[in-house]
Amino acid sequence: MIILASENEIWEMAKVRLQENLKFSDISMNLWFASMELKVLTENTAYFSIEDDFKQNIVKTRYLDDIKTAVAEILGFEVEIVPVSVEKNTFENIFICVY
């Protein structure tokens, strides 16, 4: 039986794996990942909203591969990870322009 999870459920499960893989404290997890949301999941891409440009840059430069691994562990296959800063606009407005 296949049970489909929502984007939110997938991200919550992936965050548990991410914390285990990185051996992060709850404080570090909250600092970098608590405000991230998996907004759109396609067959090959996961789009995340991030609250500001600074955190988006940190995620892109330091944690993108780790997030990709954690999400793949939950989904059973790899997807591209696209973090989108919503500091100056809403995710929906940005996503319409990108997608």
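Attention in this report is confined to the structure presented alongside it. Fair warning: this is a prediction, and the values are worked out from it, not measured in the lab.

A word on the overall build of the protein. Helix and strand counts for the protein come out as 4 helices and 3 strands. Along the protein, helices and strands appear, N-terminal first, in the series α-α-β-β-α-β-α. Of all 99 residues assigned to the protein, the portion counted as buried reaches 37%.

Another point: helix α2 (residues 26-33). Looking at α2, one finds that the buried residues are Met 29, Trp 32 and Phe 33. Projection of α2 onto a plane perpendicular to its axis shows the buried side chains occupying an angular sector of 85°, all on one side. α2 presents Asp 26 and Ile 27 as exposed residues on the side facing more than 90 degrees away from its buried surface. On its buried face, α2 sits against α1 (7-22) and α3 (53-75).

A word on the pairing of strand β1 (residues 37-41). As paired strands, β1 and strand β2 (residues 45-50) are joined by 4 bridges and run antiparallel to one another. Bridge pairing links Val 40 to Tyr 47 in β2. Turn length for the β1-β2 hairpin, with the two strands adjacent in sequence and antiparallel, is 3 residues.

All right, on to the sheet that holds β1 then. Across the sheet, 3 strands lie side by side as β1-β2-β3; this open sheet has mixed pairing. Two strands bound the open sheet, and with one partner strand each, they are β1 and β3 (80-85). Strand after strand, the sheet turns through a mean of 30° between neighbouring axes, direction not considered. By the bridge criterion, 6 bridges tie β2 to β3 in an arrangement that is parallel. Of the residues in β3, the one forming a bridge with Ala 46 is Ile 81. In this fold α1 packs onto β1 and β2, with an angle of close to 125° to the strand it touches most, β1. With respect to the sheet, α3 is in contact with β1, β2 and β3, its orientation differing from that of β3 by roughly 145°.

The next subject is the side chain of Ser 85. Summarising the element assignment, Ser 85 is placed in strand β3. In terms of polar contacts, Ser 85 uses its side chain to reach the side chain of Asp 53, at 2.5 Å. Separated by 3.3 Å, the side chain of Ser 85 and the backbone nitrogen of Glu 87 make a polar contact.

A positive phi angle is found at Lys 23, which is not glycine, with a value near 55°. A relative accessible area of 72% means that Lys 23 is categorised as exposed.

Cut-offs used in this document
Residues numbered from 1 in each chain as written. Predicted model: local features only at pLDDT ≥ 70, side-chain atom pairs only at ≥ 80, totals over all residues. Heavy atoms only, no water. Helix = DSSP H or I, 4+ residues; strand = E, 2+ residues; numbered from the N terminus. Buried < 20%, exposed > 50% of the residue type's maximum accessible area, 1.4 Å probe, protein only. Arc of directions from axis to C-beta. Contact = heavy atoms within 4.5 Å. Pairing = 2+ DSSP bridges. Axes fitted to C-alpha atoms, helices over the stretch in contact; angles between N-to-C directions. Polar contact = N/O pair within 3.5 Å; in protein donor to acceptor, adjacent residues only side chain to side chain.

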